[in-house]
Amino acid sequence: MNLSVNKPITIAITGASGSIYALRTLEILLKQGFKINLICSETALKVAKLELNFNFESKEVLQKHFGEFYPNLTLNSASNLAAQVSSGSFPSQGMIIIPCSMGALGRIACGTSNDLIARSADVCLKERSKLILVVRETPLNSIHLQNMLTVSQAGGIILPAMPAFYHQPQTIDDLVNFVIGKTLDVFGIENNLFERWLSSSFK
Ligand SMILES: Cc1cc2nc3c(=O)[nH]c(=O)nc-3n(C[C@H](O)[C@H](O)[C@H](O)COP(=O)(O)O)c2cc1C
């Protein structure tokens, strides 16, 4: 798939822990010039308030945070099933759900399409466009595992928020950037967010 900054990417934030992954992803993509359709679940808003003291629902907060890049961000209500991203005819180049709760995973695996997040993900699967679920939960029960297999078999990519340590992270940012770097790699967006493996450093 050829990525173009002119075709929007959908970013969904759900109520799993790790709102920082979402905020950083938005910062990076907007800075690179991408147009973003943002959807936040109700619980995502609460978790982000707790973890970051950040309000993804407030246009003023988003405008202040993203500054000159804000005009490329479209905020969609999760209950608005009539939003553009709800339709397969909308020219999106894919969707990243970051972080992705087990609830959202389950709804996508069952094809409920009951809110804009589940519906947009369903559209990605039916249109064969890219869908990445940055899932976060631990431990995983067999329902979670089966749902991940179902979504993977339907064409979605399960990318657990699971940082590695071989690049010798020093800060939380290093860990966060590793997960986002892997996500963008899989989506097809060039980035230098983490140090790539060099076998020569393994002696
Ligand atoms: C502080 C907090 C942290 C949570 N962390 C997780 C998590 O890491 N993974 C997960 O699957 N659910 C987590 N949950 C539970 C989900 O938020 C909950 O299942 C919610 O219904 C998910 O809704 P959503 O998928 O519409 O966002 C957390 C809830 C809270 C309040």
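Look up: the structure comes first, before these words.
Residue positions are given per chain, counting from 1 as you read along its sequence in written order. With pLDDT at 70 or above as the cut-off, local features in this predicted model cover only qualifying residues; side-chain atom pairs require 80 or more to be listed or tallied, and sums for whole chains, interfaces and linings still use all residues. Excluding hydrogens and water, the side-chain figures rest on all heavy atoms present in the structure.

Asks: What exactly am I supposed to notice about the overall build of the protein chain here?
Replies: Secondary structure counts use DSSP, requiring at least four H or I residues in a row for a helix and at least two E residues in a row for a strand, with both numbered from the N terminus. If you tally the helices and strands in the protein chain, you get 7 helices and 6 strands. In terms of overall dimensions, the protein chain is globule-like: its C-alpha atoms have a radius of gyration of 16 Å, near the 17 Å expected for 203 residues. For each residue, the accessible area found with a 1.4 Å probe, counting protein chains only, is set against the maximum for its type, and the residue is called buried under 20%, exposed over 50%, and partly exposed in between. Within the protein chain, the proportion of its 203 residues that are buried is 47%. Note on definitions: a residue-residue contact is assigned when non-hydrogen atoms from the two residues lie within 4.5 Å. Pairs at least 24 apart in sequence give 75% of the contacts found in the protein chain among residues at least 6 apart. When charges are counted, Lys and Arg contribute as positive and Asp and Glu as negative, whereas His and the chain ends are disregarded. Lysine's charge is taken at NZ, arginine's at CZ, aspartate's at CG and glutamate's at CD. Once the 17 positive and 15 negative side-chain charges of the protein chain are each reduced to a mean point, those two points are 4 Å apart. This radius of gyration counts C-alpha atoms alone. The globule rule is 2.2 Å times how many residues there are, raised to the power 0.38.

Asks: Would you mind showing me how to read the site of the ligand here?
Replies: It suffices for a single heavy atom of a residue to lie within 4 Å of a molecule or strand for the residue to be listed as near it. In the vicinity of the ligand, 14 residues are found, and the nearest of them are Gly15, Ser41, Ser101, Arg107 and Arg136. In the analysis that follows, any N or O atom pair within 3.5 Å is treated as a polar contact, provided that within protein one partner can donate a hydrogen and the other can accept it, and provided that, for residues neighboring in sequence, both atoms belong to side chains. Between the ligand and Met102, the relevant distance is 2.8 Å, taken from an oxygen atom to a main-chain nitrogen or oxygen of the residue. A distance of 3.3 Å is found between a nitrogen atom of the ligand and a side-chain nitrogen or oxygen belonging to Glu137. Here the Shrake-Rupley method, with its probe set to 1.4 Å, supplies the accessible areas, and only the displayed protein chains count as covering residues. Considered on its own, the ligand offers 640 Å² of accessible surface; in the complex 66% of this is hidden by protein. Of all the elements in the fold, those that place two or more residues in the shell around the ligand are helix H2 (42-52) and helix H4 (102-110). Of the residues assigned to the shell around the ligand, the class counts are 5 nonpolar, 6 polar and 3 charged. Gly counts as polar in this scheme, as do all residues outside two lists: the nonpolar Ala, Val, Leu, Ile, Met, Phe, Trp, Tyr, Cys and Pro, and the charged Asp, Glu, Lys and Arg.

Asks: Would you take a moment to explain the nonpolar core for this structure?
Replies: For soluble globular proteins, nonpolar side chains are generally found buried alongside one another. The biggest cluster of nonpolar side chains holds 35 residues, and the ones touching the most others in it are Ile11, Leu26, Ile36, Phe56 and Leu73. Among the secondary structure elements, those contributing two or more residues to this core are strand E1 (9-13), helix H1 (19-31), strand E2 (36-40), H2, helix H3 (59-66), strand E4 (95-100), strand E5 (131-135) and helix H7 (172-187). Of the residues forming this core, the biggest block, 7 residues, is contributed by H1. Excluding residues within four positions of it along the chain, Leu73 makes contact with Leu26, Leu30, Ile36, Leu38, Leu62 and Phe66. To form a nonpolar core, buried Ala, Val, Leu, Ile, Met, Phe, Trp, Tyr and Cys residues must be joined to one another through side-chain atoms within 4.5 Å.

Asks: What should I look at first to understand the pattern of salt bridges in this one?
Replies: Opposite charge on two side chains lets them pair, provided their charged atoms get close. Take a side-chain nitrogen of Lys or Arg and a carboxyl oxygen of Asp or Glu: if they are within 4 Å of each other, that pair is a salt bridge. Enumeration over the complete set of coordinates arrives at 5 salt bridges. For Asp173, the salt bridge identified is with Arg24, shortest N-O distance 2.5 Å. Of this pair, Asp173 sits in helix H7 while Arg24 is found in helix H1, placing the two residues 149 residues apart along the sequence. The network of salt bridges with common partners includes Arg24, Glu27 and Asp173.

Asks: Mind showing me how you'd approach unusual backbone geometry here?
Replies: One can expect most non-glycine residues to show negative phi and most peptide bonds to be in trans. Put simply, Ile98 and Pro99 share a cis peptide bond, and its omega is -10°. Relative to the assigned elements, Pro99 resides in strand E4. For Gln168, which is not glycine, the phi torsion reads 55° and is therefore positive. Here Gln168 lies in the loop between strand E6 (157-158) and H7.

Asks: Any chance you could explain the state of the cysteines here in plain terms?
Replies: To count as a disulfide, a pair of cysteine sulfur atoms needs to be within 2.5 Å. Applying the stated criterion to the full structure yields 0 disulfides. In this model Cys40 remains outside any disulfide bridge; the closest cysteine sulfur is found in Cys100, 14 Å from its own. The buried category is assigned to Cys40, whose relative accessible area is 8%. This cysteine, Cys124, is not joined by any disulfide, and Cys100 carries the nearest cysteine sulfur, 12 Å off.

Asks: Would you mind showing me how to read the sheet that holds strand E3 (residues 73-77) here?
Replies: The strands that make up a sheet are held in pairs by hydrogen bonds between backbone atoms, and each pair lies either parallel or antiparallel. The strand order across the open sheet built from 6 strands is E3-E2-E1-E4-E5-E6, with neighbouring strands paired in parallel fashion. Single-partner strands in this sheet number two, and they are E3 and E6. DSSP calls a pair of strands paired once it identifies at least 2 bridges connecting them. Note that E4 and E5 share 4 bridges and pair parallel. Within E5, the residue paired with Cys100 across the bridge is Val135. Note on definitions: angles span 0 to 180 degrees between N-to-C directions of axes, and those axes are lines fitted to C-alpha atoms, for helices only across the stretch in contact. Running at roughly 140° to E4, H4 makes contact with E4, E5 and E6 of the sheet.

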